[in-house]
Amino acid sequence: MNKAFDVIVIGAGPGGYIAAIRAAQLGFNTACIDEWKNEKGGPAPGGTCTNVGCIPSKALLQSSEYFDHAGHHFADHGIGLSNLSVDIAKMLGRKDTVVKQNNDGILYLFKKNKVTFFHGRGSFVSAGDNGYEVAVAGAKPEVLTGKHVVVATGSSARELPGAAFDEVNVLSNDGALRIPAAPKTLGVIGSGVIGLEMGSVWRRLGAEVTVLEALPTFLGAVDEQIAKEAHKAFTEQGLKIQLGVKINEVKSGKKGVSVAYADAAGVAQTLQCDKLIVSIGRVPNTTGLNAKGIGLRLDERGFIEVDGDCKTSLPNVWAVGDVVRGPMLAHKAEEEGVAVAERIAGQHGHVNFNTIPWVIYTSPEIAWVGQTEQQLKAAGRAYKAGTFPFMANGRARALGDTTGMVKFLADAKTDEILGVHIVGPQASELIAEAVVAMEFKASAEDIARICHAHPSLSEATKEAALAVDKRTLNF
Ligand code: FAD
Ligand code: NAI
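First things first, this report covers the structure right here in the doc. Here, residues in each chain are numbered from 1, in the same order as that chain's written sequence. Just so you know, chain letters begin at A and ligand numbers begin at 1, following the order they were written in. Confidence filtering applies because this is a predicted model: local features only for residues at pLDDT of at least 70, side-chain atom pairs given and counted only at 80 or more, and all residues used for totals across whole chains, interfaces and linings. Excluding hydrogens and water, the side-chain values take into account all heavy atoms of the structure.

## Section: helix H14 (residues 458-467)
Cut-off, in case you're wondering: Three exposure classes are used, based on accessible area relative to the maximum for each residue type with a 1.4 Å probe and protein chains only: buried under 20%, partly exposed in between, and exposed over 50%. Comment: elements are numbered from the N terminus, with helices defined as DSSP H or I runs of at least four residues and strands as E runs of at least two. Here, two residues are considered to be in contact whenever any of their heavy atoms come within 4.5 Å of each other.
Counting buried positions along H14 gives ten out of ten residues, so the element sits mostly inside the fold. Within H14 the residues assigned to the buried category are Ser458, Glu459, Ala460, Thr461, Lys462, Glu463, Ala464, Ala465, Leu466 and Ala467. Here the buried face of H14 lies against strand E20 (383-389), strand E21 (405-411), helix H12 (427-439) and helix H13 (444-448).

Structure (structure tokens):
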């Protein structure tokens, strides 16, 4: 007999597991199916984010930053160290422990919220009067029926044609998180979020890193002024970033990888490196779902087609996260998961795409919400800009990290905040205030008039808001 559920969620990444928990909280009998396996073959819910994305990358960014600080900055504080060394195996082991804590945490949350978890691959079988039949191909094959199905199958690294991932020499995000020893030379194709984060990790651990980027501009989606400041900082740290290149051929062999490319001037070049990370974007996971068989419409790029409410072309089938349009971010997936569960319950779940924050966890960190100066110019919107450098912030000086700035963009007439852009220490935490402000449609003056603790980096946020009306107090 089929097991019957109100809601079946396929995928237990941040989009899926959160959708399942919220659906269960709302009183639905909910199942969540996920196929990710740990090294013992057991379940490892959490998706890309937990297993080979957000969490392990941040663990390694933290460890490598400590090492970098110990090697390069402790002396400024009068702390001497001799025989500084790094045990990469232990560092990777710690990262794996952090991942496992998160996998176990999600299994605990499923129990706590009474979500029934199935380990295996989910695929649509048929649509009937009682909803959809979904097969689970796992150690114990099952067929479930669900009145509603939420597809949250995520995404995978995009391969460069002719350079298949072998995870030994040519690495996706997965292999990039488990290189057993710092390579002497590391090539990175794509100077996007993964390229910069993982390039930073291995540079700090000793690799000479060269990043090859196809576009002529660095971090094109980031506010230009912020991107310029970040580029300067990364270059000073030793990341070699080449823009406007065209990759011609990647050859992998016993001695490493050789990348033939044309530089921005069209001159043929070769990069010889021990390992190569290819981080050129991600593709949606829909193979094996039987999307075509059931009539689930995909768009021309293979994403599941959804409307603004995450409804697909099939009644009561929803899709959230990386497998649908929009930014590929864990928190965007989570918000969509919550919104869909609430819509199934007849509520009015909503995701505000204008206030989704972005963070790049390099050093300096880059974070932003809302529109960039170039977007406002292109839209012909009249705006005022205000910036405040961390150089003039007492806490940043005490920390010993004065790189970067906070930048506010506000409507010229109403003073409504249109965008906030940060490059510098703790940008990932500082951006939260800007998100709250924008969600409540605050003006720059609202932030400028709020008391911020002293000494804190958040004072730079207040000062940047003051700068919009040219009345900074400390600069
Ligand atoms: P996923 O997390 O990809 O989860 C999908 C799950 O569905 C997987 O477990 C998969 O195995 C499973 N699945 C797929 N098909 C089936 C099937 N047919 N049956 C059963 N199970 C199936 N985002 C951030 O916001 N912050 C970050 O710091 C960040 N860092 C990142 C670092 C890296 C290296 C990478 C690669 C990504 C990072 N991201 C980050 C992006 C983030 O990981 C994704 O946006 C997020 O994981 C998307 O969530 P999701 O639930 O849509 O999909
Ligand atoms: P990305 O989209 O951030 O960057 C890819 C880069 O590769 C772009 O700059 C693109 O121009 C370049 N590129 C594409 N094809 C190329 C080619 N043939 N040759 C050279 N360069 C080429 O993609 P990335 O870094 O793979 O990350 C995927 C997604 O994962 C991100 O967009 C983001 O949504 C998510 N992510 C988020 C993180 C965070 O929130 N901190 C961290 C890591 C990933």
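Now, onward.
## With respect to the layout of surface pockets
Applicable threshold: A pocket here means an open set of points on a 1 Å grid, computed over the protein atoms alone, that has protein on both sides within 12 Å along at least five of seven lines. A cavity is instead a set of points where a 1.4 Å probe fits but cannot get out; residues with an atom within 4 Å of a point line either one. Grid points are joined across faces, edges and corners, and a volume is the space filled by probe spheres set on the points. For this classification, the nonpolar set comprises Ala, Val, Leu, Ile, Met, Phe, Trp, Tyr, Cys and Pro, the charged set comprises Asp, Glu, Lys and Arg, and every other residue, Gly included, is treated as polar.
Each pocket or cavity is described by its volume, and for the second largest pocket that value is around 1,200 Å³. Surrounding the second largest pocket, 36 residues form its lining, Glu65, His69, Ser363, Asp401 and Pro425 being those nearest its centre. Elements that contribute at least two residues to the lining of the second largest pocket include exactly helix H3 (54-72), helix H6 (193-204), helix H7 (224-237) and H12. It is H3 that contributes the most residues to the lining of the second largest pocket, eight residues altogether. Here the lining of the second largest pocket is composed, by residue class, of nine nonpolar, 15 polar and twelve charged.

## Some thoughts on the pattern of salt bridges
The criterion, for reference: A side-chain nitrogen of Lys or Arg and a carboxyl oxygen of Asp or Glu constitute a salt bridge if their distance falls within 4 Å.
Tallying each qualifying case throughout the model produces 21 salt bridges. The shortest N-O distance in the salt bridge between Arg121 and Glu35 comes to 2.9 Å. Remark: Glu35 occurs in the loop between strand E2 (30-34) and helix H2 (47-52) and Arg121 occurs in strand E4 (residues 121-128); sequence separation between them is 86 residues. Residue classification places Arg121 among the partly exposed positions, given a relative accessible area of 34%. The exposure class of Glu35 is partly exposed, given its relative accessible area of 41%. Salt bridges sharing partners connect three or more residues here, namely Lys3, Lys140 and Glu142.

## What about empty space enclosed by the protein?
Counted under the stated rule, the structure contains one cavity of 30 Å³ or more. Estimated volume of the largest cavity: approximately 40 Å³.

## Some points on H12
For an α-helix, 3.6 residues make a turn, and residues three or four places apart therefore share a direction. This is how the line gets drawn: Each helix should span, by expectation, one fewer than its residue count multiplied by 1.5 Å. What the arc covers is the set of directions going from the helix axis to the C-beta atoms.
Compared with an ideal rise of 1.5 Å per residue, which puts 13 residues at 18 Å, H12 spans 18 Å between its outermost C-alpha atoms and is within 8% of the ideal. Those residues of H12 that fall on the buried side of the exposure criterion are Ala427, Ser428, Leu430, Ile431, Ala434, Val435, Ala437 and Met438. Along the axis of H12, the buried residues cluster in a sector spanning 160 degrees; they form a single face. Against strand E18 (358-360), strand E19 (365-370), strand E22 (417-424), H13 and H14 lie the buried residues of H12. Just beyond H12, the residue with positive phi is Lys441, at close to 55 degrees.

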